[in-house]
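# Structural characterization, general
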Amino acid sequence: GQQVMQIPQYQHVQEGEDFTTYCNSSTTLSNIQWYKQRPGGHPVFLIQLVKSGEVKKQKRLTFQFGEAKKNSSLHITATQTTDVGTYFCAGIGGSNYKLTFGKGTLLTVNP
Amino acid sequence: DSGVTQTPKHLITATGQRVTLRCSPRSGDLSVYWYQQSLDQGLQFLIQYYNGEERAKGNILERFSAQQFPDLHSELNLSSLELGDSALYFCASSVGQGTNEKLFFGSGTQLSVL
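Residues numbered from 1 in each chain as written. Chains lettered and ligands numbered in written order. Predicted model: local features only at pLDDT ≥ 70, side-chain atom pairs only at ≥ 80, totals over all residues. Heavy atoms only, no water.

### Regarding the overall build of chain B
Across its full length, chain B holds zero helices and eleven strands. Each helix (α) and strand (β) of chain B, taken in turn from the N terminus, gives the series β-β-β-β-β-β-β-β-β-β-β. The C-alpha radius of gyration of chain B comes to 13 Å, within 12% of the 13 Å expected for a compact globule of 114 residues. Across its three principal axes, chain B shows a C-alpha extent of roughly 35 × 30 × 30 Å. Counting only residues that meet the buried cut, chain B has 52% of its 114 residues in that class. (Helix = DSSP H or I, 4+ residues; strand = E, 2+ residues; numbered from the N terminus. Rg over C-alpha atoms; globule rule 2.2 N^0.38 Å. Buried < 20%, exposed > 50% of the residue type's maximum accessible area, 1.4 Å probe, protein only.)

In structure tokens, the structure reads:
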């Protein structure tokens, strides 16, 4: 079945440092979504990428979708303590309507 | 607030018991999804309903069942509970059933099986 892998599992940074999490799928994805879950909270939708090679920005966050539509990345510039949480990628492959989540990257930020 | 309501927030029960988790989707959303979140397995897709019909099925155990009612709320039934079923169960909803749907998650039900 479709698998979505995320690395790293954990990342601890000093406030102001950059952060990147990577997502890889075993199959070609029709789209990729990113969610953020704050500690003790629920996943919250951040963005969706659909096109091959697509790049989208939200303030300090940059999202990329690979040319082959099998990988994606989320980059945060100059992290802040408010960025703390687990970042999940999720994708749907082909005609499979199951949105499969990666295991997430837990980001902690030292002030 | 995502607009998705889940009850109860916490549930403590014993092995072998049966529980029902309830979810009310956002107003206007026709799809409901159930996910199980545990520390080692991440967010596992269980099942999706669209307008009362089962749409997609994930790794849902035979001891688990779900349904979506005419008013679009959904229930997840977990029976013959085992210690390993302890997890956070999320319900999510979306407007449609397609592959580009954005999911809105509820606050979850924390299930503890003792």
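### So, the overall build of chain A
When helices and strands are counted, chain A shows zero helices and eleven strands. Mapped from its N terminus to its C terminus, chain A presents α and β elements in the order β-β-β-β-β-β-β-β-β-β-β. For chain A, whose C-alpha radius of gyration is 13 Å, the value lies close to the compact-globule estimate of 13 Å for 111 residues. Looking at chain A as a whole, 49% of its 111 residues qualify as buried. The long-range fraction of contacts in chain A, counting pairs at least 24 apart against all pairs at least 6 apart in sequence, stands at 55%. On chain A, roughly 5,300 Å² of surface is accessible, and the fraction owed to carbon and sulfur atoms is 51%. Looking at chain A, you have 11 positive and 6 negative side-chain charges, and the mean spots of the two groups are 11 Å apart. (Contact = heavy atoms within 4.5 Å. Areas by Shrake-Rupley, 256 points an atom, 1.4 Å probe, with all protein chains shown as cover. Lys, Arg positive; Asp, Glu negative; His and termini not counted. Charge placed at Lys NZ, Arg CZ, Asp CG, Glu CD.)

### A short note on the nonpolar core
Residues Val 19, Leu 21, Trp 34, Leu 76, Leu 78, Tyr 89 and Leu 111 of chain B are the most contacted members of the largest nonpolar core, which totals 22 residues. Those elements giving two or more residues to this core turn out to be β3 (19-24), β4 (31-38), β5 (42-50), β7 (64-68), β8 (74-78), β9 (87-94) and β11 (109-113) of chain B. Those residues in contact with Val 19 of chain B, other than ones at most four positions away along the chain, are Leu 11, Thr 13, Leu 76, Asn 77, Leu 78, Leu 81 and Leu 111 of chain B. Of all hydrophobic cores here, the second largest spans 19 residues; its members include Leu 29, Leu 49, Leu 61 and Ile 76 of chain A. (Core = buried A, V, L, I, M, F, W, Y, C linked by side-chain atoms within 4.5 Å.)

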